Amino acid sequence: MSLIWEGLVHAVQLLFSADPEVLSITGLSLRVSGIATLVSLLVGLPLGTLLALGHFPTRRFWISLVNTGMALPPVVVGLAVSIFLWRSGPLGDLRLMYTPTAIIIAQTVIAAPVVTGLTLAALQQLNPRLELQLKGLGASRLQIVWALWREARLPLLAAVMAGFGSVISEVGASMMVGGNLRGQTRVLTTAIVLENSKGEFAVAIALSVILMLLAYLINLLLTWVQQRRLRE
Amino acid sequence: MSAVLEVRDLEILRDGRSVLRVPQLSVEEGEVLAVIGPNGAGKSTLMLTLCALLTPSRGELRFRGQPIPSRGALAYRRRTSLVLQEPLLMDTSVYDNAASGLRFRGLPRAETQRRAQHWLERLGVAGLAQRRARTLSGGEAQRVSLARALAVEPEILFLDEPFSALDAPTRARLLDDLQTLLSETRQTAVFVTHDLNEALLLGTRVAVLIAGELRQVAAPQQVFSAPADPEIAAFVGVETYLPAQVISQQDGLNLVAADGFQIEALGQQPPGRRVYVCLRPEDITLYTSAGVPASSARNRLSGTVTRTLPQGPLVRVTLDCGFPLVALITRSSAEEMGLAPGLPVQAAFKASAAHLIPRP
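The model shown is predicted, which means the values in this text are computed figures rather than measured ones.

(A) Representation of the overall build of chain B in the model. Summing up its helical and strand segments, chain B has 10 helices and 20 strands in all. Each of the three principal axes of chain B carries a C-alpha extent, and together these read 75 × 45 × 40 Å. Burial analysis of chain B (360 residues in total) assigns 52% to the buried set. Pairs at least 24 residues apart make up 66% of the contacts formed inside chain B by residues separated by at least 6 positions. Surface accessibility of chain B: about 15900 Å² in total, with carbon and sulfur atoms responsible for 49%. Distance between charge centroids for chain B: 5 Å, based on 38 positive and 36 negative side chains.

Now the structure itself:
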């Protein structure tokens, strides 16, 4: 018990002492996962919309692919991205291995199918005749998409939360393509793994508390936006 | 009158099978064209085609003389609007819903506000403008859906069974309000329904669709009193068909011979033509053999009651007159006459109640 208590006390100390290393690790975690979520939104929102509203012969195949992608193991993604970014790999010349950009790429690969799949589900749960009604009211294709996004805004925000949640808490890929380099690619999850392996449980607990607090605050914000009700 | 919308040689195929054929149909300026037919007749398919939401497999749509391109029909859709069976409101305020069609068209804010407000008032739901659409009752929501469609001041308003999901009193009030509104504004509209009463109340013309085919287009009363073929007759409530042959024709009056008796009917069929005599049950009057008053009913038949079936305030009586004849009379007169199976009665009907349909 004292171990946990010590960890919590240490966490509070770390939080309020504004330890520069902790701050930079936390900042990098937020930045990397934030950008990865944003990029996966840019990819997943249009793709999920296309799969939900489009009529083309290979649609079912792509949907099954996206659904499989939602459960991609981060270590497998880490491996694949490593192979691509490796010095002798196809994208080796870009020299991205062991950089924050590499982590962003890997996390985007993890989050994009999640956002795509949940966007698809969010739009498919709308009444299919709504699209017809909007067309009949004179909406253009873009106006229809915009109106349907607005209509599905609550489940779409859930897609954002799930996308962010899947990458902020992921460790395998970050470790493999980032390398957990101190001051360069060390994020909260990789730091926790390291402190844990060193037996520095108090620091590991402190970092875990920060990670969970971060995840909680972000989701609190999104939940607040999601649950905000129009006045009745 | 001039045609706002015209359809020619329209055909819709689904899985290679023809589900709708309309050789010619037009929507005239200021009219309410009611499209009626039993479920599955292709009414909604026709409506979606007229809205340019469904591309016909064959045929052409012309809007004010110009063909509507199957791709890029947006310009046409922005001159029309649509109300479906479900209100399908967006999850936002009532006002935003009423304004949505105007916003799609990029109207200035002030004009959008004026028109949305005006049409919410016309439909009697202006008081709900700030309410969330989700909290409305079915009737209120359908009123908002109508306001949303009318706010764009469409050149054609398409209504696809807009009342069928509402309870009876709500439907009656809304139907009444819409009838007033359409006739006051002389709004051109196409109105799809399977309910004959709605078609009679709202329609200035009625198009009958049966099994994917356009069978008759005529004034509402004409469709009811002079259906063009036996299937339409059955749909509009004719229950008695009697095969017969025309004996003579004079001054718009046909004398026809059926199995063992003669019937006078309004009509101008040539002598010798084989016909069906169609009778609506509500046009038949019954008398007990005791007292048959002199009336203008030209036709009298003797028969016996085979069956009585109460229907609310009415009773459906089936007679055997050598052929089955169905009559609909009030419950009180049925009781007065003591109608029961086996009772001999006289059935009378006017020449104008007997409608002749040619048969092969």
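So much for the structure itself; the text now carries on.
(B) Region of interest: the interface of chain B and chain A. Contacts between the two partners involve 30 residues from chain B and, on the opposite side, 21 residues from chain A. Three residues stand out in chain B for area buried against chain A, namely B:Met90, B:Phe104 and B:Arg132, and they jointly supply 29% of the buried area on that side. For the interface between chain B and chain A, the tally reads 2 salt bridges. The partner of A:Arg129 in a salt bridge is B:Glu86, and the shortest N-O contact between them spans 3.8 Å. Here chain B and chain A share 10 residue pairs in polar contact (both at pLDDT 80 or more) between them. Only helix H2 (74-77), strand E6 (80-83), helix H3 (94-104) and helix H5 (138-151) of chain B provide two or more residues apiece to the side of chain B that touches chain A. Class assignment of the residues belonging to the side of chain B that touches chain A gives a composition of 11 nonpolar, 9 polar and 10 charged.

(C) Seen up close, helix H4 (residues 109-122) of chain B. All names here are of chain B. The first and last C-alpha atoms of H4 sit 20 Å apart over 14 residues, in line with the 20 Å expected at 1.5 Å per residue. Among the residues of H4, Thr 112, Arg 115, Ala 116, Trp 119 and Leu 120 are the ones counted as buried. The buried residues of H4 occupy an angular sector of 130° when the element is viewed end-on, so they sit on one face.

(D) Quick peek at the packing of helix H10 (residues 188-198) of chain A against helix H11 (residues 201-227) of chain A. Residues and elements named next belong to chain A. It is the contact of H10 with H11, at a shortest axis distance of 8 Å, that shows an interaxial angle of 160°. Regarding the angle of H10 to H11, the classification is roughly antiparallel. The way H10 lies across H11 gives a crossing that is left-handed. Where H10 approaches H11, its residues Leu 188, Thr 189, Ala 191, Ile 192, Glu 195 and Asn 196 are matched on the opposing element by Phe 201, Val 203, Ala 204, Leu 207, Ser 208, Ile 210, Leu 211 and Leu 214. Of the residues assigned to the contact of H10 with H11, the class counts are 10 nonpolar, 3 polar and 1 charged.

(E) Main features of the packing of H3(B) against H5(B). Residues and elements named next belong to chain B. Axis separation between H3 and H5 bottoms out at 7 Å; the angle between their running directions is 30°. Here H3 lies roughly parallel to H5, going by the angle between them. Remark: the crossing between H3 and H5 carries right-handed chirality. Where H3 approaches H5, its residues Val 94, Asn 97, Ala 98, Ser 100 and Leu 102 are matched on the opposing element by Val 144, Arg 148 and Ala 151. Classifying every residue of the contact of H3 with H5 by side-chain character gives 5 nonpolar, 2 polar and 1 charged.

(F) Summary view of the UniProt feature "transmembrane region" (unreviewed entry) in chain A. Residues and elements named next belong to chain A. On the UniProt side, "transmembrane region" (unreviewed entry) is annotated at positions that read residues 32-53, 65-86, 98-123, 156-181 and 201-225 here. End-to-end, the C-alpha atoms of residues 98-123 are 38 Å apart, and along that stretch the chain is 92% helix and 0% strand. When the span residues 201-225 is considered, its composition is 100% helix and 0% strand, and the gap between its end C-alpha atoms is 36 Å.

(G) Representation of the confidence of the model for chain B within the structure. Counting all residues, the mean pLDDT for chain B is 91, and 98% of those residues have values of 70 or more. Reported confidence for the predicted complex is 0.83 by ipTM and 0.85 by pTM.

(H) The arrangement of the pattern of salt bridges in detail. Residue and element names in this part refer to chain B. Summed over the entire model, instances satisfying the criterion amount to 28 salt bridges over all chains. Arg 64 is the salt-bridge partner of Glu 155, the closest N and O atoms lying 2.7 Å from each other. Of this pair, Glu 155 sits in the loop between H5 and strand E7 (156-160) while Arg 64 sits in the loop between strand E4 (58-63) and strand E5 (66-67), and the two are 91 residues apart along the sequence. Accessibility expressed as a relative area gives 22% for Glu 155, which makes it partly exposed. On the basis of relative accessibility, which here comes to 34%, the residue Arg 64 falls in the partly exposed class. Between Arg 132 and Asp 91 there is a salt bridge; the shortest N-O distance is 2.9 Å. In this pair, Arg 132 sits in the loop between H4 and H5 while Asp 91 sits in the loop between E6 and H3, placing the two residues 41 residues apart along the sequence. The class for Arg 132 is buried, based on a relative accessible area of 5%.

(I) Representation of unusual backbone geometry in the model. One non-glycine residue, A:Arg95, lies in positive phi territory at about 55°. Within the element layout of this structure, A:Arg95 appears in the loop between helix H4 (74-85) and helix H5 (100-124). Phi is positive for B:Asp9, close to 50°, though the residue is something other than glycine. Take B:Asp9: its relative accessible area is 46%, and that puts it in the partly exposed class.

About the cut-offs
Residues numbered from 1 in each chain as written. Chains lettered and ligands numbered in written order. Predicted model: local features only at pLDDT ≥ 70, side-chain atom pairs only at ≥ 80, totals over all residues. Heavy atoms only, no water. Helix = DSSP H or I, 4+ residues; strand = E, 2+ residues; numbered from the N terminus. Buried < 20%, exposed > 50% of the residue type's maximum accessible area, 1.4 Å probe, protein only. Contact = heavy atoms within 4.5 Å. Areas by Shrake-Rupley, 256 points an atom, 1.4 Å probe, with all protein chains shown as cover. Lys, Arg positive; Asp, Glu negative; His and termini not counted. Charge placed at Lys NZ, Arg CZ, Asp CG, Glu CD. Buried area = accessible area lost by both parts, 1.4 Å probe. Salt bridge = Lys/Arg side-chain N within 4 Å of Asp/Glu carboxyl O. Polar contact = N/O pair within 3.5 Å; in protein donor to acceptor, adjacent residues only side chain to side chain. Nonpolar A, V, L, I, M, F, W, Y, C, P; charged D, E, K, R; others polar. Expected span 1.5 Å × (residues − 1). Arc of directions from axis to C-beta. Axes fitted to C-alpha atoms, helices over the stretch in contact; angles between N-to-C directions. Parallel < 35°, antiparallel > 145°, perpendicular 65-115°, else oblique. Left-handed = near helix turned anticlockwise from the far one by under 90°. UniProt positions renumbered as here; feature names shortened; annotations may be inferred. pLDDT = per-residue confidence, 0-100.

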